[in-house]
Amino acid sequence: MTATDVLTGRPTQAAPVLGSRPGLGAALRWETRKLRAQLRTKALLIGAVLVPIAVVVIVHSQPRPPKDTLFGRFATDNGFAMALLVLGFAAQWVLPLLTSIVAGDIFASEDQHGTWKTVLTRSTSRSTLFWGKSLVSIGFALLALLVLAAATIAASVLIVGHQPLTGLSGQTIQPQSAVTLVVASWACMALPMIGFTCLAILFSVWSRNVAVGIAAPVVIGLVMQLVGALGGIESLRPYLLTTPFEAWHGLLAEPRFTGPLLDGVITSAGWSVVCLVAAYLVLRRRDITGG
Amino acid sequence: MDDQLAVDAVDVVKAFGSIRAVDEITIKVAPGEVYGVLGPNGAGKTTFLRMLLGLIRPDSGTVRVFGRTWAHDGIATLDGVAGFIESPAFYPYLTGRQNLEGLGLLDGGARSGRLDEILEVVDLAGRADDRVRGYSYGMRQRLGVAASLIREPRLLVLDEPANGLDPAGIRDMRALVKRLADSGLTVLLSSHHMDEVEEICDNVTIMRRGEVAFHGAIAELRAQAPDPGYALATTDDARALAVAGRLPAVTATRAPDSGLTVTGPEDAVSSYVADLVRDGIRLRAFTPTRTPLEQLFFMLTDTGVRNEEVA
Ligand SMILES: Nc1ncnc2c1ncn2[C@@H]1O[C@H](COP(=O)(O)OP(=O)(O)OP(=O)(O)O)[C@@H](O)[C@H]1O
Ligand SMILES: [Mg+2]
């Protein structure tokens, strides 16, 4: 054998110290690569483009508008109203589902494939892997929201038109400010969507089961909506993670009110932090015995 | 630095509920050594290796790897360490190469060109761009070795690397481990095959139900080994048994199904066989049952009977 070994490619007695320790960047790159290699990621993003276009086309072709939903009355002849109608619908379960398909899977799939032992015996710590996975999930949630919003707004405006919009207080909103308000309303979904992402992360870590990680946040979202719709529990409403999904209503009233938006920021941030910290602690303490 | 132990585990304990999977185990592996941890199913080998790699935490005791501990050094404990636990697992939707590249990322980046060299070494170069989903068991096992080698380790931890492989696969895997060991790598290997450990290792710890049953050099183990045993079938087993009665150095008993089991020093058994032939008893079968070391292993781990039935 020479000083440098053929098989191991290094001086066999070299000190076992790494030159550069991989950081969060490496974990982010790795998780992104895996996500990109999965069919479901592409399917979700393509769906986020095609489904809203189909919905807009179908609603637009109805002889009578869906009167009993918010902005439904104007949706067939006003593109902005159409985009807001789709937003109201998406907030019910589409957004939680969109994010949990990735976030609910990203930890539990390591259990499913038995790969925890594979990744945890490299040079990246559990914590770094945790934050890498979490940030990639959040990144995906925002990307999916962006794609869904862009497709919905573009399809609505192009197919239905950009007539002046009638606001929630009956006021007329000129197209220029209507565009801004519609975009802002969709943007308001970002924080509660991050909240649902973190909830899915928690279930993914805790249950170690992909199906639970994906389904539980959606079911919890539906239950919260049901609870929120019940009378007599007004004190509970601000704490529900589904309440921030409705905070955009204030933007379309006259005068505008942003109280629910601020509350929504706090609620979403609270849920996100609690879920992430809990998930982090569970993963940190866990014995990796499977796989 | 080089006189520092590669592995220095002292009084390590890990219990799962009421089962003490690892019960005050002490194992020391010097750099450059090839060390075997041997034991039957459930002895606690995997549990010990998991603690070494930081996958589970010991209840008590300390595990040092090149002088580092998980409590103090965190993931840096694994610098210069690689290996796999049970069968290696990969992402089925990625190709073999993509899996290795990704794991290389988590190592801080693999040297360019290194990947191809290693794929060549483990004989996967031709299939590297196929998805792991379609890999055979043996290919996955070899990919596991490749994933370990890209870390350019000084200590290689292998948990039953030949498990589940066909005879050719076992032979190749052993040859590979030997080559790695010859190159100066420290190897810590678990196995439930005495012959594997005997062939590859310098030192061995035999575990039984979480405890140490034997600890020392293979040479010491050989010295303790009992006489070899043979399975014998003759034209007249009753008379053959009587012949054995005349030879004090040879013990013959009726085997559970048919034939005889004979133990004794090689010379004595040879003369016994000669006696049989002289007495007109013809041999229909004469096969070594297990090597003396295997025999010792079963004696030490208390599972002789059960394993005999299985075998
Ligand atoms: N996660 C767990 N929960 C409960 N018991 C466990 C767990 N992991 C291991 N054990 C128990 O600990 C003991 C040692 O198991 P371990 O897997 O370490 O044995 P082993 O020597 O590797 O066996 P094998 O040769 O079958 O791989 C067994 O009794 C096993 O049932
Ligand atoms: Mg095992």
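Residues numbered from 1 in each chain as written. Chains lettered and ligands numbered in written order. Predicted model: local features only at pLDDT ≥ 70, side-chain atom pairs only at ≥ 80, totals over all residues. Heavy atoms only, no water.

Participant: Pulling in residues and values, what's your account of the overall build of chain B?
Facilitator: Looking only at helices and strands, chain B has 12 helices and 13 strands in total. Along the longest, intermediate and shortest principal axes, the C-alpha atoms of chain B span 75 × 45 × 35 Å. Counting the 311 residues in chain B, one finds 52% classified as buried. Expressed as a percentage of contacts within chain B between residues at least 6 apart in sequence, the contacts between residues at least 24 apart total 67%. When the accessible area of chain B is evaluated, it comes to approximately 13,400 Å², of which 49% is carbon and sulfur surface. Between the centroid of the 33 positive side chains of chain B and the centroid of its 44 negative side chains there is a distance of 4 Å. (Helix = DSSP H or I, 4+ residues; strand = E, 2+ residues; numbered from the N terminus. Buried < 20%, exposed > 50% of the residue type's maximum accessible area, 1.4 Å probe, protein only. Contact = heavy atoms within 4.5 Å. Areas by Shrake-Rupley, 256 points an atom, 1.4 Å probe, with all protein chains shown as cover. Lys, Arg positive; Asp, Glu negative; His and termini not counted. Charge placed at Lys NZ, Arg CZ, Asp CG, Glu CD.)

Participant: Pulling in residues and values, what's your account of the overall build of chain A?
Facilitator: A tally of regular secondary structure across chain A gives 11 helices and two strands. Each helix and strand of chain A, ordered N terminal to C terminal, gives the series α-α-α-α-α-α-α-β-β-α-α-α-α. Counting only C-alpha atoms and orienting by the principal axes, one finds that chain A spans roughly 85 × 40 × 30 Å. Within the span of chain A, comprising 291 residues, buried residues form 51% of the whole. Considering only intrachain contacts with a sequence separation of at least 6, the fraction spanning at least 24 residues in chain A is 77%. Averaging the coordinates of the 21 positive side-chain charges in chain A and doing the same for the 12 negative ones gives two points 10 Å apart.

Participant: I'd like a rundown of the state of the cysteines, residues and numbers included.
Facilitator: Between two cysteines, a covalent bond joining their sulfur atoms is known as a disulfide. All names here are of chain A. Taken as a whole and judged by the stated rule, the model has zero disulfides over all chains. With no disulfide of its own, C198 has C275 as its nearest cysteine by sulfur position, at a separation of 6.5 Å. Its relative accessible area of 0% is what places C198 among the buried residues. Residue class for C275 comes out buried when judged on its relative accessible area of 4%. (Disulfide = S-S within 2.5 Å.)

Participant: Describe the site of ligand 1, listing the residues and the values that go with them.
Facilitator: Around ligand 1 sit 14 residues in total, of which N41, G42, K45, T46 and T47 of chain B are the nearest. One of the side-chain N or O atoms of T289 of chain A is found 3.4 Å from a nitrogen atom in ligand 1. For ligand 1, an oxygen atom lies 3.0 Å from a polar atom in the side chain of E160 of chain B. Out of a free accessible area of 630 Å², ligand 1 has 66% covered by protein chains. Every element with two or more residues in the shell around ligand 1 is listed here: β2 (19-29) and α1 (45-52) of chain B. By residue number, the principal contributor to the shell around ligand 1 is α1 of chain B, which donates three residues. Considered class by class, the residues forming the shell around ligand 1 number five nonpolar, seven polar and two charged. (Near = heavy atom within 4 Å. Polar contact = N/O pair within 3.5 Å; in protein donor to acceptor, adjacent residues only side chain to side chain. Nonpolar A, V, L, I, M, F, W, Y, C, P; charged D, E, K, R; others polar.)

Participant: Explain the sheet that holds strand β4 (residues 60-65) of chain B to me, using residue names and the numbers behind them.
Facilitator: All names here are of chain B. Spatially, three strands are ordered β2-β1-β4 in an open sheet, and the strand pairing comes out antiparallel. Of all the strands in the sheet, just β2 and β4 have a single pairing partner and so form its edges. Strand-to-strand twist of the sheet, defined as the mean angle between neighbouring strand axes without regard to direction, takes the value 20 degrees. Sheet topology places strand β1 (residues 7-16) next to β4; five bridges connect them, and they run antiparallel. Note on β4: the bridge partner recorded for V13 is S60. In the packing of α1 onto the sheet, the strands contacted are β1, β2 and β4, and the crossing angle to β1 comes to about 120 degrees. (Pairing = 2+ DSSP bridges. Axes fitted to C-alpha atoms, helices over the stretch in contact; angles between N-to-C directions.)

Participant: Just give me the short version of the side chain of T205 of chain B, but keep the residues and values in it.
Facilitator: Looking at where T205 of chain B falls in the secondary structure, it is placed in strand β8 (residues 203-208). The residues contacting T205 of chain B, other than those within four sequence positions of it, are I27, Y35, G36, V37, L38, V212, F214 and H215 of chain B.

Participant: I'd like a rundown of the pairing of strand β7 (residues 186-191) of chain B, residues and numbers included.
Facilitator: All names here are of chain B. Burial analysis of β7 places six of its six residues in the buried class, the great majority of the element. Every second residue of β7 is oriented toward a common face, with T186, L188 and S190 on one face and V187, L189 and S191 on the other, all of them buried. Across five bridges, strand β3 (residues 34-38) lies against β7 in parallel orientation. Bridge pairing in β7 links V37 to S190. Pairing geometry for strand β6 (residues 155-159) and β7, over five bridges, is parallel. Bridge pairing in β7 links D159 to S190. Regarding the hand of the β-α-β motif, the stretch spanning β6, helix α6 (residues 167-182) and β7 is right-handed. (Right-handed = clockwise from strand over helix to strand, strands pointing away.)

Participant: I'd love a proper account of the UniProt feature "transmembrane region" (unreviewed entry) in chain A, names of residues and values included.
Facilitator: Residues and elements named next belong to chain A. Look at the UniProt record and you will see "transmembrane region" (unreviewed entry) annotated at residues 43-60, 80-108, 129-159, 179-203, 210-233 and 265-283. Annotated as 92% helix and 0% strand, the span residues 179-203 places its first and last C-alpha atoms 37 Å apart. What you have in residues 210-233 is 83% helix and 0% strand, and the ends, taken at the C-alpha atoms, are 33 Å apart. (UniProt positions renumbered as here; feature names shortened; annotations may be inferred.)

Participant: Before we move on, can you summarise the sheet that holds β6 of chain B with the specific residues and values?
Facilitator: Residues and elements named next belong to chain B. The six strands are arranged β5-β6-β7-β3-β8-β9 in an open sheet whose pairing can be described as mixed. Two strands lie at the open edges of the sheet, namely β5 (81-84) and β9 (211-217), each paired on one side alone. The mean angle between the axes of side-by-side strands here comes to 15 degrees, regardless of whether they run parallel or antiparallel. Bridging between β5 and β6 involves four bridges; their strand directions are parallel. Opposite V81, over in β6, you have L155 as the bridge partner.

Participant: Describe the interface of chain A and chain B, listing the residues and the values that go with them.
Facilitator: Counting from both sides, the interface comprises 48 residues of chain A and, opposite them, 51 residues of chain B. Counting each side, the surface lost to burial between chain A and chain B is near 4,200 Å², with a carbon and sulfur contribution of 55%. Counting every contact that joins chain A to chain B gives three salt bridges. One salt bridge connects R21 of chain A with D79 of chain B, and the closest N-O pair in it is separated by 2.7 Å. Broken down by secondary-structure element, the contributors of at least two residues to the side of chain A that touches chain B are α1 (24-37), α5 (108-113), α6 (116-119), α7 (126-159) and α11 (259-285) of chain A. Per element, the largest residue contribution to the side of chain A that touches chain B is seven residues, and it comes from α1 of chain A. Per-class residue counts for the side of chain A that touches chain B are 17 nonpolar, 17 polar and 14 charged. (Buried area = accessible area lost by both parts, 1.4 Å probe. Salt bridge = Lys/Arg side-chain N within 4 Å of Asp/Glu carboxyl O.)

Participant: With reference to specific residues and values, describe a nonpolar patch on the surface.
Facilitator: Residues and elements named next belong to chain A. There is a patch of nonpolar side chains on the surface, built from I46, V49, L50, I53, V57, L158 and I159 and spanning about 600 Å² of accessible area. Of all the elements in the fold, those that place two or more residues in the nonpolar patch are α2 (39-60) and α7. The element contributing the most residues to the nonpolar patch is α2, with five residues. Turning to its location among the elements, V57 is positioned in helix α2. Since its relative accessible area comes to 41%, V57 is described here as partly exposed. (Patch = residues over 30% accessible without salt bridge, like charges linked within 9 Å, V, L, I, M, F, W, Y side chains within 5 Å.)

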